[in-house]
Amino acid sequence: MTWIAAVARLRARRESGVLVTVATVRGHAPRDAGAKLVVGRTRTWGSIGGGNVEAVAIDRAREMNQVAKPEPELLDFALNDKVTNQHGVQCCGGTVSVLLEPLPVVRAVAVFGVGHVGLELARILARQDIDLHLIDTRSELLAEQRLAPLADAVAQVHVHHTPLLPEEVLEELPPGTHVLIMTHDHAEDAALCDAALRTNHLGSIGLIGSAAKWVRFRKRLATEGGHDDATIDRIKTPIGLTDVTGKEPATIAVSVAADLLRTFESEVC
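Cut-off values and rules
- Every chain begins its residue count from 1, and numbering advances along the sequence as written.
- Where local features are concerned, this predicted model is filtered to residues with pLDDT of at least 70; where side-chain atom pairs are given and counted, the filter is 80 or more; whole-chain, interface and lining totals use all residues.
- Only hydrogens and water are removed before side-chain values are computed, so all heavy atoms of the structure are retained for them.
- By definition, a salt bridge exists where a carboxyl oxygen of Asp or Glu is found within 4 Å of a side-chain nitrogen of Lys or Arg.
- With a 1.4 Å probe rolled over the protein chains alone, any residue whose accessible area is under 20% of its type maximum counts as buried; one over 50% counts as exposed, and the rest are partly exposed.
- For two strands to count as paired, DSSP must find a minimum of two bridges between them.
- Secondary structure is summarised from DSSP: a helix means a run of H or I of at least four residues, a strand means a run of E of at least two, and numbering begins at the N terminus for each.
- The distinction between a cavity and a pocket rests on a 1 Å grid over the protein atoms alone: a 1.4 Å probe fits inside a cavity but cannot get out, while a pocket stays open yet meets protein on both sides within 12 Å along at least five of seven lines, and a residue with an atom within 4 Å of a point counts as lining.
- Grid points are joined across faces, edges and corners, and a volume is the space filled by probe spheres set on the points.
- Residues were grouped as follows: Ala, Val, Leu, Ile, Met, Phe, Trp, Tyr, Cys and Pro as nonpolar; Asp, Glu, Lys and Arg as charged; and all remaining residues, including Gly, as polar.
- Each pair of aromatic rings taken from Phe, Tyr and Trp, with Trp reduced to its six-membered ring, is defined by centres within 6.5 Å and is described as stacked if the planes are under 30 degrees apart, edge-to-face if over 60, and tilted in the remaining cases.
- We call a charge positioned above a ring when the Lys NZ or Arg CZ atom is no farther than 6 Å from the ring centre and deviates by at most 35 degrees from the ring normal.
- The length a helix should cover is 1.5 Å for every residue beyond the first.
- Contacts between residues were defined by any pair of non-hydrogen atoms, one from each residue, lying within 4.5 Å.
- Only the stretch in contact is used when a helix axis is fitted, and all axes are lines through C-alpha atoms; the angle between N-to-C directions ranges over 0 to 180 degrees.
- Oblique is the label for every angle not falling under 35 degrees (roughly parallel), over 145 degrees (roughly antiparallel), or within 65 to 115 degrees (roughly perpendicular).
- Crossing handedness is read from the near helix: turned anticlockwise from the far helix by less than a right angle, it gives a left-handed crossing, and turned clockwise, a right-handed one.

**Overview of the pattern of salt bridges**
This structure, assessed with the given rule, holds 14 salt bridges. Residues Asp-194 and Arg-198 are paired through a salt bridge, measuring 3.1 Å at the closest nitrogen-oxygen approach. Under the relative-accessibility criterion, Arg-198 is labelled partly exposed at 47%. Sharing partners across several salt bridges, the network here consists of Arg-11, Arg-14, Asp-129 and Asp-131.

Here it is, written out as structure tokens:
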């Protein structure tokens, strides 16, 4: 498996890892600059030449995998018999520097409802390195032509057309997915809120709408859904920055995206 495929595999499985690259070489060394190794929690792919250099890099990468927010690191190695090594002698004669770059678990966001605000929000979030899930019961809103502005997205965009029960998608979402509920139908929103509260692996849950809407929803979630106050409080509403009051779809989308990015900054990954 190539290093690119290994990185893609870790991303798809939502596993953290470290990309190890031979950054510089002076003199003789087992591999040239640019050689790469991908280190996951339990497996590795590729090689930077074996021996002490690779073993030390793997050990350090595994330590980095246990840290909440690891930073890139540069390790220097002298390849001669005068150096005391952790994993045996490498006496090729040169020196090597190795760059370790963390590959964190990519965040995921699910937007339920790709109407005017949902599409504007998708356009903004698509510029982030996230997994972006777009869900709607209306196939025409998910048409390729309508979603064309997302064609050059940085995000990996996943489109879900669910004609009947959009809440079924919740179980399919990756662990920690941040959910934003903004469909065209208040009944659909209510069903999604109830289902989201029953789905334990999600991240934050946000609901678009007025204070009056939330009063009705909160009562229904308590009486019909049987949720206690602490559980209901998992839902944030209104969503967006409170001091941004514009009602244009693009303005609302900017506000919601900024609020979500603030949530990203405050969470431990």
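Now that the structure has been shown, the text picks up again.
**With respect to the sheet that holds strand β10 (residues 205–207)**
Taken in spatial order, the 6 strands of this open sheet run β8-β7-β6-β9-β10-β11, and their pairing is parallel. The outermost strands of the open sheet, each flanked by one partner alone, are β8 (156–161) and β11 (235–236). Strand direction decides the pairing type here: strand β9 (residues 178–181) and β10, joined by 3 bridges, are parallel. By the bridge assignment, Leu-180 is partnered in β10 with Gly-206.

**A few points about the layout of surface pockets**
What the second largest pocket holds in volume is close to 450 Å³. Elements supplying a minimum of two residues to the lining of the second largest pocket: α4 (186–197), α5 (211–223) and α7 (249–266). Looking at the lining of the second largest pocket element by element, the count peaks at 3 residues for α7. Each residue belonging to the lining of the second largest pocket can be placed in one class, and the counts come to 9 nonpolar, 10 polar and 3 charged.

**Let's talk about unusual backbone geometry**
With the exception of glycine, the majority of residues adopt a negative phi angle, and the majority of peptide bonds are in the trans configuration. Here the bond from Thr-237 into Pro-238 is cis, since omega is -5°, no more than 30 degrees from zero. Within the fold, Pro-238 resides in the loop between β11 and α7.

**Topic: the packing of aromatic side chains**
Scanning all chains against the criterion turns up 0 aromatic pairs. Here the guanidinium or amino end of Lys-36 rests over the ring plane of Trp-3, the centre of that ring lying 5.0 Å away.

**A few points about the pairing of strand β2 (residues 36–39)**
Two faces, one strand: in a regular strand the side chains alternate between the faces of the sheet. The pairing of strand β1 (residues 17–26) with β2 spans 4 bridges and is classified as antiparallel. Across the sheet, residue Leu-19 finds its bridge partner in β2, namely Val-38. Alignment of β2 against strand β3 (residues 44–46), held across 3 bridges, turns out to be antiparallel. Its bridge partner lying in β3, Val-39 is registered against Thr-44.

**Observations concerning helix α2 (residues 51–64)**
With 14 residues, α2 ought to run about 20 Å at 1.5 Å a step, and its terminal C-alpha atoms sit 20 Å apart, in line with that. Regarding α2, the residues found buried are Asn-52, Val-53, Glu-54, Val-56, Ala-57, Ile-58, Ala-61 and Met-64. Where α2 is buried, its residues touch β1, β2, β3, β4 (73–78) and β5 (95–103).

**Observations regarding the packing of helix α3 (residues 116–125) against α7**
Between α3 and α7, the shortest axis-to-axis distance is 8 Å and the interhelical angle comes to 50°. Considering their axes alone, α3 and α7 lie oblique with respect to each other. Our pair here, α3 against α7, has a crossing hand that is right-handed. Here α3 contributes His-116, Val-117, Glu-120, Leu-121, Ile-124 and Leu-125 to the contact with α7, which in turn contributes Pro-249, Ala-250, Ile-252, Ala-253, Val-254, Val-256, Ala-257 and Leu-260. A class-by-class count of the residues in the contact of α3 with α7 yields 12 nonpolar, 1 polar and 1 charged.

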